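Structural overview for review
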Amino acid sequence: MTETQRAQVRLPRHIGIIMDGNGRWAKQRGLERSEGHRAGANTFRRICDYAAEIGIECLTFYAFSTENWKRPAREVAAIMDLFRDYLKEAQEREAENARKGFRIRYIGTREGLAPDIVAMIELIERQSAAQTATVVNLAVNYGGRDEIVHAVRALAAQVAAGTLQPAEITEQQISDQLYTAGLPDPDLIIRPSGELRLSNFLTWQSAYSELWFSDVLWPDFTPEDLDRAIFDYNERNRRFGGV
Ligand code: IPE
Ligand code: IPE
Ligand code: MG
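Residues numbered from 1 in each chain as written. Chains lettered and ligands numbered in written order. Predicted model: local features only at pLDDT ≥ 70, side-chain atom pairs only at ≥ 80, totals over all residues. Heavy atoms only, no water.

Regarding the site of ligand 1
- Neighbouring residues of ligand 1: 13 residues in total, closest Asp20, Gly23, Arg24, Arg33 and Arg71.
- Taking Asp20, its side chain carries an N or O atom lying 2.9 Å from an oxygen atom of ligand 1.
- Contacts to ligand 1 include Gly21, whose backbone N or O atom sits 3.4 Å from an oxygen atom.
- When ligand 1 is considered free in solution it has 370 Å² of accessible area, and contact with the protein chains removes 87% of it.
- Those elements giving two or more residues to the shell around ligand 1 turn out to be helix H2 (22-28), helix H3 (33-54) and helix H4 (73-92).
- Considering each element in turn, the shell around ligand 1 owes the most residues, three residues, to H2. (Near = heavy atom within 4 Å. Polar contact = N/O pair within 3.5 Å; in protein donor to acceptor, adjacent residues only side chain to side chain. Areas by Shrake-Rupley, 256 points an atom, 1.4 Å probe, with all protein chains shown as cover. Helix = DSSP H or I, 4+ residues; strand = E, 2+ residues; numbered from the N terminus.)

What follows is the structure in structure tokens.
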């Protein structure tokens, strides 16, 4: 967007993006699905940089769901390798990410992830913890329902220990147990690829999110598409149940 547009637009504080359509993108070109994931990973880098540049405070990228383990082992392995590449690169580019002010966080369950991936995640979260310009949440092995199950277990443990009364449980306490604790709920959720569903993305947090869909397949998604989503968001009248 131009400087003038940037000055006039009301930016969402938190944007969630479901990075979908990699497989179809590859199929259209007669390529392996893994090539689609590779192209999608590059789009992720580009969109992440662009969103930060225009001043989005918080971004959540849905890269792999708790349900995506159902896919052929070869495809899952290819996706995990791309995740490794990104994490390695983020480590190597620590200075660059610090300059950009990226705080990189992982959201999802670590159960089931390879130990080397978990170690890299922990290192990057530590390295970037003090940066404040843009929070980048990587949702890998993430499921909204799975996240709620973990939150319920944590609260139930406090009840069992006698430190919490069931009647004291509030919406805020549930929010505080989620992977996104402390972050604003997503104002805008973007899903490319023509599917009109959330597929277990930010189930609790999306209660009042504005949803934006596009037929573009994720590897073809451009900064101009992000602009379009933000301009459309500006036309929305968010009432939160009020008048
Ligand atoms: C999104 O692209 C990436 C993941 C879910 C891991 P898909 O792989 O779902 O692409 P389509 O939906 O099959 O085109
Ligand atoms: C959602 O896409 C998950 C990610 C993009 C990571 P899917 O391709 O897994 O969703 P469905 O199966 O079409 O609902
Ligand atoms: Mg898909």
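There's more to say after this.
Let's talk about the side chain of Ser206
- One can find Ser206 in the loop between strand S5 (188-191) and strand S6 (210-213).
- A relative accessible area of 10% places Ser206 in the buried class.
- A polar atom in the side chain of Ser206 sits 3.4 Å from the backbone oxygen of Thr203.
- Look past the residues within four positions of Ser206 in its chain and what remains in contact with it is Ile189, Leu198 and Phe201. (Buried < 20%, exposed > 50% of the residue type's maximum accessible area, 1.4 Å probe, protein only. Contact = heavy atoms within 4.5 Å.)

Focus: unusual backbone geometry
- Phi is positive for Ser193, which is not a glycine, with a value near 85°.
- Ser193 gets classed as buried once you look at its relative accessible area, which sits at 6%.
- Of note in this structure, Leu202 is not a glycine but carries a positive phi near 45°.
- Mapped onto the fold, Leu202 is located in the loop between S5 and S6.
- Using a relative accessible area of 0% as the deciding quantity, one classes Leu202 as buried.

Here we look at the side chain of Glu147
- As for its position among the elements, Glu147 is in helix H7 (residues 144-160).
- We note that Glu147 is buried and unpaired, the nearest opposite charge coming from Arg105 at a distance of 8.3 Å.
- Here Glu147 is in contact with Tyr142, Leu178, Tyr179, Thr180 and Gln205, once residues within four sequence places are set aside. (Lys, Arg positive; Asp, Glu negative; His and termini not counted. Salt bridge = Lys/Arg side-chain N within 4 Å of Asp/Glu carboxyl O.)

Observations regarding the pattern of salt bridges
- Inspection of the entire model under this criterion finds 22 salt bridges.
- As a salt-bridge pair, Arg13 and Glu57 come within 3.2 Å of each other at their nearest N and O atoms. One end of the pair, Arg13, is in the loop between helix H1 (3-8) and strand S1 (14-18); the other, Glu57, is in the loop between H3 and strand S2 (58-65), with 44 residues separating them in the sequence.
- You can call Arg13 partly exposed: its relative accessible area is 44%.
- Asp187 is the salt-bridge partner of Arg238, the closest N and O atoms lying 3.0 Å from each other.

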